[in-house]
Amino acid sequence: MKINLIELANNLYTDLKNTGIEFNRYGFPVFPKEFLLNETPEEILPFHHRNAAKDRVKAVISFYEEDEELYHRLKKLDFVVNECSKYMGIVGFDLSPCVFWNIQQQKFNVLLSQLITLYIATKGSKVIPNFRIGRLETLPALLSYSTESTFCVGSLGCSRKVTDFNLNQFKTKVLYSRPKKLLYYGKVLPPYKDFLDTLGIPVKSYVDYRTRSYHKTGEKQK
C-alpha cells in the first residue's frame with residue numbers, strides 16, 4: 001500500500017489546527033512548551049529496537065531510520081502512537097531533508113516530520129525536538145520550539161564527515177536556536193564538541209544501538 005504524503009500532510013495540518021496548534025509566519029507549527037520533554041533520558045533507541053529498552057520510563061524512542069522504514073511507520077501511525085506512549089518520550093520524526101534536493105522538497109519533509117511529531121505528541125508523548133533540517137532556507141523550522149529547548153542530534157549519517165559545509169551548517173543552527181542542551185545519538189566529533197564548549201552548551205552522547213549491540217556480542221564471544 002502506497003501512502004500519499006501530501007494528503008497525509010493536509011490531514012495532519014487540519015487535525016492539528018482543530019486541536020489549537022498554531023503555525024508561525026514561515027508555515028511551521030509551534031510546539032506548545034508542555035509537549036516538550038524537560039528531563040534527560042537514560043537511553044535513546046530507534047523505534048525498530050524499542051523493546052531493547054532497559055527501562056521504558058527512562059528511554060526515549062527515535063526515528064533515526066532509513067526513509068523506507070519511516071514510510072512503513074506512516075502506514076501504521078496509530079500503532080506507532082500507541083507504542084510510543086509506553087516510553088518516556090520521542091525524538092522528532094526524521095524524514096530526510098537532503099541538502100542536495102530541491103529546496104521545496106526539503107521544506108516539505110521537515111514540515112511533514114514536525115506534523116507527524118506533533119500528532120504523536122497530541123496523543124500524550126513528550127517530545128525532544130529533532131535538530132535536523134535541510135539547507136539554511138529551512139532554518140525557521142527551529143523556531144517551532146521555545147528558546148533554550150533541548151534538541152537531539154542523530155550523528156550516524158553525513159554528519160560523521162567533518163567538512164566546512166557541515167560544520168558551518170551546524171554552527172549556524174546552534175547560534176540561531178541557542179539550545180539549552182544537545183543530546184547526541186552517536187559520537188560527538190571534536191570540532192562540534194569544541195564549538196559547543198565555547199558557547200557553554202552541555203552535550204550528552206548516547207551509544208547508537210548498532211554499536212552497542214556489537215559491543216555486547218563481542219563481550220559474549222570473549
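The structure reproduced in this document is the subject of the present report. Keep in mind that what you see is a predicted model, and the values were worked out from it rather than measured. (Residues numbered from 1 in each chain as written. Predicted model: local features only at pLDDT ≥ 70, side-chain atom pairs only at ≥ 80, totals over all residues. Heavy atoms only, no water.)

## Regarding the nonpolar core
So the rule is basically this: The term nonpolar core refers to a set of buried residues drawn from Ala, Val, Leu, Ile, Met, Phe, Trp, Tyr and Cys, joined through side-chain atoms within 4.5 Å. Residue exposure (1.4 Å probe, protein chains only): buried if accessible area is under 20% of the type maximum, exposed if over 50%, otherwise partly exposed.
Of all hydrophobic cores here, the largest spans 55 residues; its most connected members are F63, F170 and L182. In terms of nonpolar packing, the next biggest core, distinct from the first, is built from 11 residues, L37, V60, Y64 and I128 among them.

## Section: the sheet that holds strand 5 (residues 150-154)
Put simply, the rule is: Paired strands, in this sense, are two strands between which DSSP finds at least two bridges. Helix numbering and strand numbering both begin at the N terminus, where a helix is a DSSP run of H or I of at least 4 residues and a strand a DSSP run of E of at least 2. Every axis in this analysis is a line fitted to C-alpha atoms, fitted for helices over the stretch in contact. Angles between the N-to-C directions lie between 0 and 180 degrees.
Within the open sheet, the 3 strands sit side by side as 5-6-7. Their pairing is parallel. In this open sheet, the two strands that pair with only one neighbour each are strand 5 and strand 7 (203-206). Strand-to-strand twist across the sheet, computed as the mean angle between neighbouring axes with direction ignored, equals 20 degrees. Bridging between strand 5 and strand 6 (residues 181-185) involves 5 bridges; their strand directions are parallel. Within the sheet, the bridge partner assigned to F151 lies in strand 6 and is L182.

## Concerning a nonpolar patch on the surface
What counts is decided by this rule: Put simply, a patch holds well-exposed residues, over 30% relative accessible area, that have no salt bridge, with like charges counted together within 9 Å and Val, Leu, Ile, Met, Phe, Trp or Tyr side chains within 5 Å. Exposure was quantified through the Shrake-Rupley algorithm and a 1.4 Å probe, taking into account, for residues, occlusion by the shown protein chains and nothing else. Note on definitions: salt bridges are taken to be side-chain nitrogens of Lys or Arg within 4 Å of carboxyl oxygens of Asp or Glu.
The grouping of Y26, L143 and Y176 at the surface amounts to a nonpolar patch, some 270 Å² of accessible area in total. Mapped onto the secondary structure, L143 falls in the loop between strand 4 (127-128) and strand 5. The class of L143 is partly exposed, set by a relative accessible area of 39%.

## Thoughts on the pairing of strand 6
Operational definition: The handedness rule is simple: strands pointing away from the viewer, and a clockwise path from the first strand over the helix to the second, make the crossover right-handed.
In terms of residue burial, strand 6 counts as a mostly covered element, since 4 of its 5 residues are buried. The pairing of strand 6 with strand 7 spans 4 bridges and is parallel. Bridging across to strand 7, L183 finds its partner in K204. In this fold, strand 6 hands off to helix 6 (residues 190-199), which returns the chain to strand 7; that crossover is right-handed.

## Focus: the packing of helix 1 (residues 5-18) against helix 4 (residues 103-122)
This is how the line gets drawn: Note that the term roughly parallel is reserved for angles under 35 degrees, roughly antiparallel for angles over 145, roughly perpendicular for angles of 65 to 115, and oblique for everything else. Left-handed describes a crossing whose near helix is turned anticlockwise from the far helix through less than a right angle; right-handed describes the clockwise counterpart. Note on definitions: a residue-residue contact is assigned when non-hydrogen atoms from the two residues lie within 4.5 Å. Basically, the charged four are Asp, Glu, Lys and Arg, the nonpolar ten are Ala, Val, Leu, Ile, Met, Phe, Trp, Tyr, Cys and Pro, and anything else, Gly included, counts as polar.
Two elements in contact, helix 1 and helix 4, have axes whose closest approach is 10 Å; the angle formed by their N-to-C orientations is 45 degrees. The angle between helix 1 and helix 4 places the two elements in the oblique class. With respect to the hand of their crossing, helix 1 and helix 4 are arranged in left-handed fashion. Each of L5, I6, L8, A9, L12, Y13 and L16 in helix 1 lies in contact with helix 4, whose residues at this interface are F108, L112, L115, I116, L118, Y119 and T122. For the contact of helix 1 with helix 4, the class distribution of residues is 13 nonpolar, 1 polar and no charged.

## Quick word on the packing of aromatic side chains
Here is the rule we go by: Within 6.5 Å between ring centres, the rings of Phe, Tyr and Trp (the latter by its six-membered ring) count as paired, and their orientation is classed by plane angle as stacked under 30 degrees, edge-to-face over 60, tilted in between. We call a charge positioned over a ring when the NZ of a Lys or the CZ of an Arg lies within 6 Å of the ring centre and within 35 degrees of the ring normal.
Following the criterion strictly, the structure yields 10 aromatic pairs and no others. Ring centres of F47 and F79 lie 6.5 Å apart, and the angle between their planes is 80 degrees; on these two criteria the pair is classed as edge-to-face. Highlighted residues: F47 in the loop between strand 1 (43-46) and strand 2 (59-62) and F79 in helix 3 (residues 77-84), separated in sequence by 32 residues. Considering the side-chain rings of F63 and F93, the 4.8 Å spacing of their centres and the 45 degrees angle between planes classify their relative orientation as tilted. Note that F63 is positioned in the loop between strand 2 and helix 2 (67-74) and F93 in the loop between strand 3 (89-91) and helix 4, a separation of 30 residues in sequence. The exposure classification of F63 matches that of F93, with both residues buried. An aromatic cluster of at least three residues, connected via ring pairs, comprises F31, F131, Y145, F151, F170 and Y192. The positively charged end of R50 is found above the aromatic ring belonging to F47, 4.1 Å away from the centroid. Directly above the aromatic system of Y206 lies the positively charged group of K204, at a separation of 5.1 Å from the ring centroid.

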